[in-house]
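Chain residues, written in single-letter form:
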Amino acid sequence: MSALEKFPRITPFLWFDANAEEAVDFYLSVFKNSRRLGEERRAVEGGSQGGILTIAFELDGQTMTALNGGPYFKFTEAVSFVVRCDSQEEVDEYWAKLSAGGSEGQCGWLKDKFGLSWQIVPAKLPDLIRNPKAMLAMMEMKKLDIAALERAAKA
């Protein structure tokens, strides 16, 4: 049975230059309940195996694949991963870990050190930003502050 036959029908596939293994190790350190599922190595002449081509991994139940594809393509904000957070502590933790070596954006968005975009979002955000004042407050934030959004929604 092919390894792909065990995967969900739709699986994110992330293109890295030559540092897919470093990226996977980093993501596994950030997200609890995560694991490396397997790897495929490049075939080289003589039947031996070369360096890693792809790494299958799981982040808190989400199966993904990382590819060492070369310098041809870069990540953009056109694709991002949303991390649902159930508390301010989770927002703070994921924000600190994922933004380290990367860059902070507006409204809970950041880029990690590999250039991949993430949205660190409180679970209650959709309810809060139904209030225009909370929406305006969010637009002024980088890392989202649940208490400040709640205060704005009540104002």
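This text follows the structure it describes.
Here the structure is a predicted model, which means the values were calculated and not measured.

## What about the overall build of the protein?
Secondary structure assignment for the protein yields five helices and eight strands. In terms of its C-alpha atoms, the protein occupies a principal-axis envelope of roughly 70 × 30 × 25 Å. Scored against the burial criterion, the 155 residues of the protein give a buried share of 36%. About 9300 Å² of surface is accessible on the protein, with carbon and sulfur atoms providing 53% of the total. Here the protein holds 19 positive side-chain charges and 22 negative ones, and the gap between their average locations is 4 Å.

## Quick look at the side chain of Thr-54
The topology assignment puts Thr-54 in strand β3 (residues 49-59). For Thr-54, a relative accessible area of 15% gives the class buried. Excluding anything up to four places from it in sequence, Thr-54 contacts Phe-13, Gly-38, Glu-39, Glu-40, Thr-65, Ala-66 and Leu-67.

## Let's talk about the environment of Lys-133
If you trace the backbone, Lys-133 turns up in helix α4 (residues 132-139). Remark: the alpha-carbon pair of Lys-133 and Pro-71, spanning 62 residues in sequence, is separated by 43 Å. The contact partners of Lys-133, leaving out residues within four places of it in the chain, are Ala-152 and Ala-155.

## Digging into the state of the cysteines
Within the structure shown, the criterion is met by zero disulfides. Cysteine Cys-85 shares no disulfide, and the gap to the nearest cysteine sulfur, in Cys-107, comes to 15 Å. According to the relative accessible area criterion, Cys-107 is buried, its value standing at 16%.

## Some details on the sheet that holds strand β2 (residues 35-43)
Taking strand neighbours across the sheet as the criterion, the four strands line up as β1-β4-β3-β2 in an open arrangement whose pairing is mixed. Each edge of the open sheet is held by one strand with a lone partner, namely β1 (13-16) and β2. Recorded for the sheet is a direction-independent mean angle of 25 degrees between the axes of neighbouring strands. Relative to β3, β2 runs antiparallel, the two being bridged by seven bridges. Bridge assignment links Arg-36 to a residue of β3, and that residue is Phe-57. Its contacts with the sheet place helix α1 (residues 20-30) against β1, β2, β3 and β4 (62-68), and it is angled at close to 25 degrees to β3.

## What to know about the packing of α1 against helix α2 (residues 88-99)
Viewed as axis vectors pointing N to C, α1 and α2 meet at an angle of 165 degrees, and their least axial separation amounts to 10 Å. Considering the angle they form, α1 stands roughly antiparallel to α2. The hand of the α1/α2 crossing is right-handed. For the pair α1 and α2, contact is made by Phe-26, Tyr-27, Ser-29 and Val-30 and by Tyr-94, Lys-97 and Leu-98, respectively. When grouped by side-chain class, the residues that make up the contact of α1 with α2 number five nonpolar, one polar and one charged.

## Side note on the pairing of β3
Most of β3 is tucked away, with eight of its 11 residues classed as buried. Pairing between β3 and β4: six bridges, direction antiparallel. Within the sheet, the bridge partner assigned to Thr-54 lies in β4 and is Leu-67. Counting the residues in the hairpin turn of β3 and β4 gives two residues, including Asp-60, whose phi is positive at 45 degrees.

Calculation rules
- Residues numbered from 1 in each chain as written.
- Predicted model: local features only at pLDDT ≥ 70, side-chain atom pairs only at ≥ 80, totals over all residues.
- Heavy atoms only, no water.
- Helix = DSSP H or I, 4+ residues; strand = E, 2+ residues; numbered from the N terminus.
- Buried < 20%, exposed > 50% of the residue type's maximum accessible area, 1.4 Å probe, protein only.
- Areas by Shrake-Rupley, 256 points an atom, 1.4 Å probe, with all protein chains shown as cover.
- Lys, Arg positive; Asp, Glu negative; His and termini not counted.
- Charge placed at Lys NZ, Arg CZ, Asp CG, Glu CD.
- Contact = heavy atoms within 4.5 Å.
- Disulfide = S-S within 2.5 Å.
- Pairing = 2+ DSSP bridges.
- Axes fitted to C-alpha atoms, helices over the stretch in contact; angles between N-to-C directions.
- Parallel < 35°, antiparallel > 145°, perpendicular 65-115°, else oblique.
- Left-handed = near helix turned anticlockwise from the far one by under 90°.
- Nonpolar A, V, L, I, M, F, W, Y, C, P; charged D, E, K, R; others polar.

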